[in-house]
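Here is how the chains run, residue by residue.
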Amino acid sequence: MNKKQNQIRLTGIFVLFLVIIGTVAITSAADIYTGKGKPQSVDIYINDIPYGASLGGEVQSGTGTKSVNDFRAIVDDEQHPDPSYYVEASNPSTEGPTPTPTPIPVATTVIPIDKGGVGSTLCVTDNTSEIIVDFAFSDAWYKSVYSLSSPNNIAIGDSKSAYSGGTTRKSLGNFSIGTELKFADAVYDGSTYKGTYYTGSASRNPDDYVHAAITLKNETGTHFKYLVSFEDASGGGDNDFNDVEFYVSGGVSTKCSSTGGAGSLIPESVDVCKCNSSYNKGNQRTCIALFTYRNVAGVQYEIPINGKSLPWNEFTGSGMVGKSRCQPELFYVTESKNSPFWTTRFWNNIKWKLGYDKSVLVKCDSGTRDCTSAEMPNCTSCTG
């Protein structure tokens, strides 16, 4: 064996030694590995040939050609199962807190609304939830100065400055469960005031038109849950409800401050008495009735008086005197702040139709008792 052959032999032994040491090191590292994930492959280079487990054909190098059969990969998963931490890392738990969503930037185009939400109202369903308003979009020449009108008057922002560094987010704080959040849109043409419109029924607005829509946008969480959008033109304008749009986040719902579902409100007759006054040239003695209501849904409702469609809040019957019947249009949850109340006079019968399917009839007849001196003032004006 000459000197050159001896050098080649020593080189081969040294390379084999490196391979063995590398294998032992890799095995040892697997035994103590505490990180996540699992190595997909390990390539060991001898000269410029990679001895790996993923060869798909012959490899050409500067020292020759190697075929796939010249390489040996050890597959040990069956004899040596993966450690538990490999399994846990490859099957992470899906439980854990939901990350806080990133706020949606101010939109560059109209945000679609649900026309079914026109005339809706919002109320609070969770008194621990912070109510936050975020400006979303405006598509109007007029400037909309929007705010919370009730239960507290809180200024929020305006549609013009929102695009030039003005306020786009406002925390309204916390509110009691059942509280309606009544929003307002004060409209300006330059510095000229055009009017203020509110969420809810048409009766709230000076032109007797509905001016706001409320659209559910997040069905699974409270972040950007509802979109409140206003129509800013008197008389309904183009009814696109996108002149100013803003999101309301928090524990709120349109279902809890709605217009009284079937069976939610129950009218009750408390008493009836006969007034000294008469009607129809003295031929008929008139009566007044004392009514109250029960709210069995546990949420606050608003139903306009004498509306054109369901739900009802009106008095019907025969022999009624005058148009006003003195009934409330806001129905509280636990405390009837506006009842019981006396109706205006009638000489035959009167019925309070309330909600969708409830009504109660009261008659004025020969058996009706006379009003007491304390009750008699209610014969000229209805009071609580």
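Residues numbered from 1 in each chain as written. Predicted model: local features only at pLDDT ≥ 70, side-chain atom pairs only at ≥ 80, totals over all residues. Heavy atoms only, no water.

Chemist: So, the nonpolar core: which residues are in play, and what are the values?
Modeler: Formed by 23 residues in total, the largest nonpolar core has its most connected members in L122, V133, L172, L181, F183, F246 and V248. Residues Y301, F341, V360 and C364 belong to the second largest nonpolar core, which totals 19 residues. (Core = buried A, V, L, I, M, F, W, Y, C linked by side-chain atoms within 4.5 Å. Buried < 20%, exposed > 50% of the residue type's maximum accessible area, 1.4 Å probe, protein only.)

Chemist: Summarise the sheet that holds strand β12 (residues 212-216); cite the residues concerned and give the values.
Modeler: Spatial strand order, β9-β6-β14-β13-β12: five strands in an open sheet with antiparallel pairing. The strands lining the two open edges of the sheet, one partner per strand, are β9 (169-173) and β12. When the angles between neighbouring strand axes are averaged without regard to direction, this sheet yields 25°. Of the pairings in the sheet, the one linking β12 to strand β13 (residues 226-230) comprises five bridges and is antiparallel in character. By the bridge assignment for β13, L216 is matched with Y226. (Pairing = 2+ DSSP bridges. Helix = DSSP H or I, 4+ residues; strand = E, 2+ residues; numbered from the N terminus. Axes fitted to C-alpha atoms, helices over the stretch in contact; angles between N-to-C directions.)

Chemist: Go over the environment of H211 with me, naming the residues and quoting the values.
Modeler: The topology assignment puts H211 in the loop between β11 (192-198) and β12. Of the residues examined, H211 reaches a relative accessible area of 0% and is grouped as buried. In this structure, the C-alpha to C-alpha distance between H211 and G200, residues eleven residues apart in sequence, is 8.0 Å. A polar side-chain atom of H211 sits 2.7 Å from a polar atom in the side chain of D207. From its side chain, H211 meets the backbone oxygen of E231 in a polar contact 2.7 Å long. (Polar contact = N/O pair within 3.5 Å; in protein donor to acceptor, adjacent residues only side chain to side chain.)

Chemist: Explain the pairing of strand β8 (residues 154-158) to me, using residue names and the numbers behind them.
Modeler: Along β8, four of the five residues are buried, which leaves the element largely enclosed by surrounding structure. Alignment of strand β7 (residues 143-150) against β8, held across four bridges, turns out to be antiparallel. Looking at the pairing, L148 lines up with I154 of β8. Where β7 hands over to β8, the hairpin turn is made up of three residues, counted between the paired strands.

Chemist: Residues and numbers for the environment of I131, please.
Modeler: Looking at where I131 falls in the secondary structure, it is placed in strand β6 (residues 131-137). A relative accessible area of 0% places I131 in the buried class.

These results come straight from atomic positions and should not be treated as a statement about function.
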